[in-house]
Amino acid sequence: MNQIIENIYQRRAVRKYKDVSLGRDVIDELIMAGKMAPSAMNKQPWKFYVLTDPVKIKKISKDIEKIALKKLKEKGIKELAKLSLSLFHLSTIKNILVTADHVFYGAPVVIFITHQRDDEWGMIDIGMCAQNIMLAAKAKGLDSCPVGFAKFVMQTDDYSLLKIPDDEVVDLAVVIGYGDEIAEMPKRTNNHVIYL
Ligand SMILES: Cc1cc2nc3c(=O)[nH]c(=O)nc-3n(C[C@H](O)[C@H](O)[C@H](O)COP(=O)(O)O)c2cc1C
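Residues numbered from 1 in each chain as written. Predicted model: local features only at pLDDT ≥ 70, side-chain atom pairs only at ≥ 80, totals over all residues. Heavy atoms only, no water.

1. Regarding the side chain of Asp-125
Tracing the backbone shows Asp-125 in helix α6 (residues 122-139). One buried charge, Asp-125, has no salt-bridge partner; the nearest side chain with opposite charge is Lys-43, at 7.2 Å. Those residues in contact with Asp-125 that lie beyond four places of it in its chain are Pro-38, Ser-39, Ala-40, Pro-45 and Trp-46. (Helix = DSSP H or I, 4+ residues; strand = E, 2+ residues; numbered from the N terminus. Buried < 20%, exposed > 50% of the residue type's maximum accessible area, 1.4 Å probe, protein only. Lys, Arg positive; Asp, Glu negative; His and termini not counted. Salt bridge = Lys/Arg side-chain N within 4 Å of Asp/Glu carboxyl O. Contact = heavy atoms within 4.5 Å.)

2. A look at the packing of helix α2 (residues 24-35) against α6
Running from N to C, α2 and α6 cross one another at 135°; their axes reach a closest spacing of 7 Å. By the angle class used here, α2 and α6 are oblique. Along this stretch, α2 crosses α6, giving a crossing that reads as right-handed. On α6, the residues that touch Leu-30, Ala-33 and Gly-34 of α2 are Cys-129, Asn-132, Ile-133, Ala-136 and Ala-137. (Axes fitted to C-alpha atoms, helices over the stretch in contact; angles between N-to-C directions. Parallel < 35°, antiparallel > 145°, perpendicular 65-115°, else oblique. Left-handed = near helix turned anticlockwise from the far one by under 90°.)

3. Regarding the environment of Ala-37
Position of Ala-37 relative to the elements: it lies in the loop between α2 and β1 (47-51). For Ala-37, a relative accessible area of 7% puts it in the buried group. Residues Ala-37 and Val-170, spaced 133 residues apart in sequence, show a C-alpha to C-alpha distance of 18 Å. Among all residues touching Ala-37, those that are not within four sequence positions of it are Trp-46, Met-128, Cys-129 and Asn-132.

4. What about the side chain of Asp-63?
Mapping Asp-63 onto the fold places it in helix α3 (residues 54-75). The class for Asp-63 is buried, based on a relative accessible area of 14%. Among all residues touching Asp-63, those that are not within four sequence positions of it are Thr-156 and Asp-158.

5. A word on a nonpolar patch on the surface
A cluster of nonpolar residues, Met-1, Ile-4, Ile-5, Ile-8 and Tyr-9, forms a patch on the protein surface that exposes about 570 Å² of accessible area. Of note, Ile-4 is situated in helix α1 (residues 3-10). Owing to a relative accessible area of 57%, Ile-4 belongs among the exposed residues under this scheme. (Patch = residues over 30% accessible without salt bridge, like charges linked within 9 Å, V, L, I, M, F, W, Y side chains within 5 Å. Areas by Shrake-Rupley, 256 points an atom, 1.4 Å probe, with all protein chains shown as cover.)

6. Notes on the sheet that holds strand β2 (residues 109-116)
Reading across from one edge, β1-β2-β4-β3 is the order of the 4 strands in this open sheet, with antiparallel pairing throughout. Because the sheet does not close on itself, it has two edges, and the strands there are β1 and β3 (143-147). Neighbour-to-neighbour, the strand axes of this sheet turn through a mean angle of 25°, independent of strand direction. Inspection of the sheet shows β3 paired to strand β4 (residues 168-177) by 5 bridges, in the antiparallel sense. Its bridge partner lying in β4, Val-147 is registered against Ala-173. Packing against the sheet, α2 makes contact with β1, β2 and β4, and its axis sits at approximately 155° to β1. On the sheet, α6 packs against β1, β2, β3 and β4 and is oriented at approximately 10° with respect to β4. (Pairing = 2+ DSSP bridges.)

7. So, the pattern of salt bridges
Following the criterion strictly, the structure yields 9 salt bridges and no others. Among the salt bridges present, the one from Asp-63 reaches Lys-66, with a minimum N-O distance of 3.6 Å. Pair noted here: Asp-63 and Lys-66 are both in helix α3, with a separation of 3 residues, about one helical turn. Judged by its relative accessible area of 57%, Lys-66 is exposed. One network of salt bridges, with partners in common, ties together Lys-59, Asp-63, Lys-66 and Asp-158.

8. Comments concerning the packing of aromatic side chains
Per the counting criterion, the structure on display carries 2 aromatic pairs. When the ring of Phe-104 is compared with that of Phe-112, the centres are 5.9 Å apart and the planes differ by 90°; the resulting orientation is edge-to-face. Residue class for Phe-104 comes out buried when judged on its relative accessible area of 0%. (Phe/Tyr/Trp six-rings, centres within 6.5 Å; stacked < 30°, edge-to-face > 60°.)

So, in structure tokens, the structure goes:
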């Protein structure tokens, strides 16, 4: 199979990482791949805020977790269970429960990707950018996970640590590292193609 297609099929959201740091050259190479993504009107709206300090990563993770849990609890326990089952394969739920970091999963690199607050296409652009980063990571033998919960960082007291200007928003982070689990593929739907 073509290598790109193989990477697309083999990339998984990995939620357990080895304690192995990544060099800045590798991180830069992945971000460069992110910047090769298409963007509406070629605005290239993304900015990357990279965390590699495990103490800061853990602290921000804990604070995001508190906010995310509060939001999820508001949905009720039934909805929470339904959401967990739709998001995660059962085997990964087990891993998540035993991992101390439930947001960034102990990954050595967390990249918050921002875009301008008033950019209509910003969220789509950073999604494409993030996918490039994750596929490039896969090509280099690394694993990753997109983390939407990362957006709650804007509501934490730690937000100032990231030095993100007010006119930017965080909708997504990507965590990267050497995976320490074989993540199973959540089932894909097969009834969403309508040829007309
Ligand atoms: C926009 C977006 C936000 C996501 N947020 C989270 C998240 O906060 N935490 C998490 O563990 N996984 C998150 N995921 C990963 C999805 O749960 C995962 O991609 C999906 O279950 C399919 O699994 P796969 O990526 O292994 O194919 C997110 C994925 C996307 C695209």
